[in-house]
Amino acid sequence: MFKNKTEEQARKEILNSVKEYYNNFLEKDTTFNEGDRISYSGRVYDENEVCSLVDSSLDFWLTMGRYSDRFEKEFAEFLGTKYCSVVNSGSSANLIAFAALTSPLLKDRKVNKGDEVITVAAGFPTTVAPIIQCGVVPVFVDVTIPQYNIDVNMLEAALSNKTKAVMVAHTLGNPFNLSKVKAFCDKHNLWLIEDNCDALGSKYCINGEWKYTGTIGDIGTSSFYPPHHITMGEGGAVYTDNALLNKIVKSMRDWGRDCACPSGVDNLCKNRFNGQFGELPKGYDHKYVYSHFGYNLKITDMQAAIGCEQIKKLPYFIDARKNNWNILREGLDCLSDKIILPELDENTEPSWFGFLITLKDNSSIVRDGFVRYLEDKGIQTRMLFAGNLIKHPCFDEMRESGEGYRIVGDLKNTDKIMNDTFWIGVYPGMDDNRLKYMIAVIKEYIKYKS
């Protein structure tokens, strides 16, 4: 088939066949008929992602390579940040982001076991898990409704002489009050990690300048799991403007090694056999010197190849999410006396991940019945992740011992979310017919129950 052809010609022929395969077998009919399943989120892609994936596979460079380098560069350029490190998931991004703060290279700002980090219990567990996994104490404060973000009025009350950082997420794309959280962290010399996994493309105006969330604190994280703003299937990223933190992040991701050479590259520093490290013999191969207890959390180049095409679509994805959220908000506004509808804070421009609905106190509607009705009508729903993380089995032992975490306040809104909140999708795969159907079904149920 490829006899007398160059590699470039053969590759082009393969990719043309891939395009044809996509058009005949992968491209889906997106027409909506009542009763069709409406997913809360999903992959949005075309032949370009499939071709890029196959193109990378033809290199058979199965670890990080040219596409990974390209993705890190282009993703950092999109966000306007200096450094980006891709990892194998958003959860790994959070782990690496927090673990980086435990590095001895940070000297007196190093986060030590027994120190404290301010966070919230209303969210996804992997915002909190790295804190606990590193032997640090999470300090939980409540969130506000209907923004569903950290209650900044509780920050000073949560502060102790052990506090070293704040680590919170922008809930479902809605930016938390970065002005007050950042000012608090600056005042007390605390690290700020922005879990940006649900908020890629959200913006916040701080000091008169609009910036992407994830780039205002010391470290930001993203997830590229299929429901998120862009997908690699699995994947994530850690980003920062701090050169030292970037060095630590890459070391932590790559086994904890001291050497900065990428895979397949030797002696980038030209001093591979000249250094003195720890108690190793002088000249010990720098590629096998370890400055941290790290991990191996790299992605494959095939994942990055998909991501490179997804970045091109990101502006469209962001606009579509905003538009879909606005349609739901306007369409359900007439029910604001029956249910609590989501709101954004001032100085924010969210790139929404979902549309939150909370039942009012003393409502005749029960969340479980509401959700089951929507699901029966083909509308997929989700809880606000853990609801109240502290109530989950993973906290059983800690809760019984009364050790390992602190609570400041009563977490009243967190418990309200656990009992009375759910959300529906706004992802770019939605269209007007699906959105109108969801609005109609929600109105139908509330009218029936009122």
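For the chain, the name recorded in an unreviewed UniProt entry is dTDP-3-amino-3,6-dideoxy-alpha-D-galactopyranose transaminase, with Clostridium saccharobutylicum as its organism. Note on the chain: under the UniProt heading Sequence similarities (unreviewed entry), the record states "Belongs to the DegT/DnrJ/EryC1 family."

**Student:** Just to check I follow, could you spell out the pattern of salt bridges for this structure?
**Tutor:** Side-chain pairing between opposite charges can occur once the charged atoms of the two side chains come close. Tallying each qualifying case throughout the model produces 31 salt bridges. In this structure, Glu72 engages Lys250 in a salt bridge whose closest nitrogen and oxygen atoms are separated by 3.8 Å. With Glu72 in helix α3 (residues 66–79) and Lys250 in helix α8 (residues 243–253), this residue pair connects regions lying 178 residues apart in the sequence. A relative accessible area of 12% places Glu72 in the buried class. Look at Lys250 and you get partly exposed, because its relative accessible area is 26%.

**Student:** Please clarify how helix α9 (residues 301–332) should be interpreted in this entry.
**Tutor:** It helps to recall that an α-helix has 3.6 residues per turn; residues three or four apart then point in one direction. Its 32 residues place the ends of α9 43 Å apart at the C-alpha level, agreeing with the 46 Å of an ideal helix rising 1.5 Å per residue. Where α9 bends most, the angle comes to about 50°, and this point is Lys313, followed within four residues by the proline Pro315. Counting buried positions along α9 yields 23 of 32 residues, so the element is predominantly enclosed.

**Student:** Can you walk me through the pairing of strand β1 (residues 83–87) in this structure?
**Tutor:** Each regular strand displays side chains that alternate between the two surfaces of the sheet. With respect to burial, β1 is a largely interior element, 4 of its 5 residues being buried. Sheet topology note: the β1/strand β9 (residues 236–240) ladder contains 5 bridges and is antiparallel. Paired with Val87 across the strands is Gly236, a residue of β9.

**Student:** For this particular structure, what's the right way to read the nonpolar core?
**Tutor:** Proteins that are soluble and globular tend to have nonpolar side chains buried together. Grouped together as the largest cluster of nonpolar side chains are 31 residues, with contacts concentrated most on Ile118, Ile150, Val166 and Val181. Secondary structure elements with two or more residues in this core: β2 (116–120), β3 (137–141), α6 (155–158), β4 (163–169), α7 (178–188) and β6 (203–206). The leading source of residues in this core is α7, at 4 residues. When residues of this core are assigned to domains, at least three fall in each of domain 2 (55–303) and domain 3 (314–449).

Calculation criteria
- Residues numbered from 1 in each chain as written.
- Predicted model: local features only at pLDDT ≥ 70, side-chain atom pairs only at ≥ 80, totals over all residues.
- Heavy atoms only, no water.
- UniProt positions renumbered as here; feature names shortened; annotations may be inferred.
- Salt bridge = Lys/Arg side-chain N within 4 Å of Asp/Glu carboxyl O.
- Helix = DSSP H or I, 4+ residues; strand = E, 2+ residues; numbered from the N terminus.
- Buried < 20%, exposed > 50% of the residue type's maximum accessible area, 1.4 Å probe, protein only.
- Expected span 1.5 Å × (residues − 1).
- Bend = angle between axes of the 7 residues up to and from the residue.
- Pairing = 2+ DSSP bridges.
- Core = buried A, V, L, I, M, F, W, Y, C linked by side-chain atoms within 4.5 Å.
- Domains from an automatic or database assignment.

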